[in-house]
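Spelled out, the chains give:
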Amino acid sequence: MEPDTHIISALVEHRPGVLQRVAGLFTRRGFNIENITVGESETPGIARMTIIARGDDRVLEQITKQLNKLIDVIKVRDLEPSGTVKRELCMVKVHVPSEKIRAEIIQYANIFRGRIIDVSPETMTVEVTGDSEKIDAFLELLKAFGIKELARTGPTAMSRGSRTI
């Protein structure tokens, strides 16, 4: 049976070493981080971490307890999937040997609400945001053209409505 995927949101002090301490906590406990994103929050000096991890409720409880013990961690919350907005960013550089292929890629980018962010004589770079399934579908279409380079952020998330962490 596949372990549950949990989206953990944490507010942390925005200073050097915090990410390392959080990652070290996971390593010491034998928990795997599927994905982690960190960035400024709405409050100066505070960063928001979104951590995607797999495990049962016991694992989630352990992760939450251990995170709360870290001095740089202000608040931790497990986000319910039904009450969460989750998005991912992907940049993909594709080989474009002809104008016909360039036009096809532009058409696919438009269908997936992507943006062309760079063009050269041999390549085109497209930016797409959305859920992981949307990005996977877009990449599947582009494979036939020859993906030269790919960068994905992994999901970041926040709760819906007026509820905050």
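Residues numbered from 1 in each chain as written. Predicted model: local features only at pLDDT ≥ 70, side-chain atom pairs only at ≥ 80, totals over all residues. Heavy atoms only, no water.

Trainee: I would appreciate a short explanation of the UniProt feature "domain: ACT" (unreviewed entry) in the protein in the present structure.
Mentor: Residues given the UniProt feature "domain: ACT" (unreviewed entry) here are residues 7-81. Across residues 7-81, helical content stands at 33% and strand content at 41%; the span's end C-alpha atoms are separated by 8 Å. (UniProt positions renumbered as here; feature names shortened; annotations may be inferred. Helix = DSSP H or I, 4+ residues; strand = E, 2+ residues; numbered from the N terminus.)

Trainee: Please explain the pairing of strand S3 (residues 46-54) as it appears in this structure.
Mentor: The side chains of a regular strand alternate between the sheet's two faces. Counting buried positions along S3 gives eight out of nine residues, so the element sits mostly inside the fold. Where strand S1 (residues 5-13) meets S3, nine bridges bridge the pair, whose relative direction is antiparallel. Each residue of the ladder has a partner; that of Ile8, found in S3, is Ile51. As defined by bridge partners, strand S2 (residues 33-40) adjoins S3 across seven bridges and the pair is classed as antiparallel. Bridged to Glu40 within S3 is Ala47. Between S2 and the antiparallel strand that follows it, S3, lie five residues; Gly45 among them carries a positive phi value of about 85°. (Buried < 20%, exposed > 50% of the residue type's maximum accessible area, 1.4 Å probe, protein only. Pairing = 2+ DSSP bridges.)

Trainee: Got a minute to help me understand the nonpolar core in this structure?
Mentor: One broad rule of soluble globular proteins: the nonpolar side chains tend to lie buried together. With 19 residues, the main nonpolar core has Val22, Phe26, Ile63 and Leu67 as its most contacted residues. Elements represented by at least two residues in this core include exactly S1, helix H1 (18-29), S3, helix H2 (57-69) and strand S4 (73-79). With near-sequence residues (within four places) excluded, Val22 lies in contact with Ile36, Met49, Ile51, Leu67 and Leu70. Listed in part, the 16 residues of the second largest apolar core include Val92, Val94, Ile105 and Ile135. (Core = buried A, V, L, I, M, F, W, Y, C linked by side-chain atoms within 4.5 Å. Contact = heavy atoms within 4.5 Å.)

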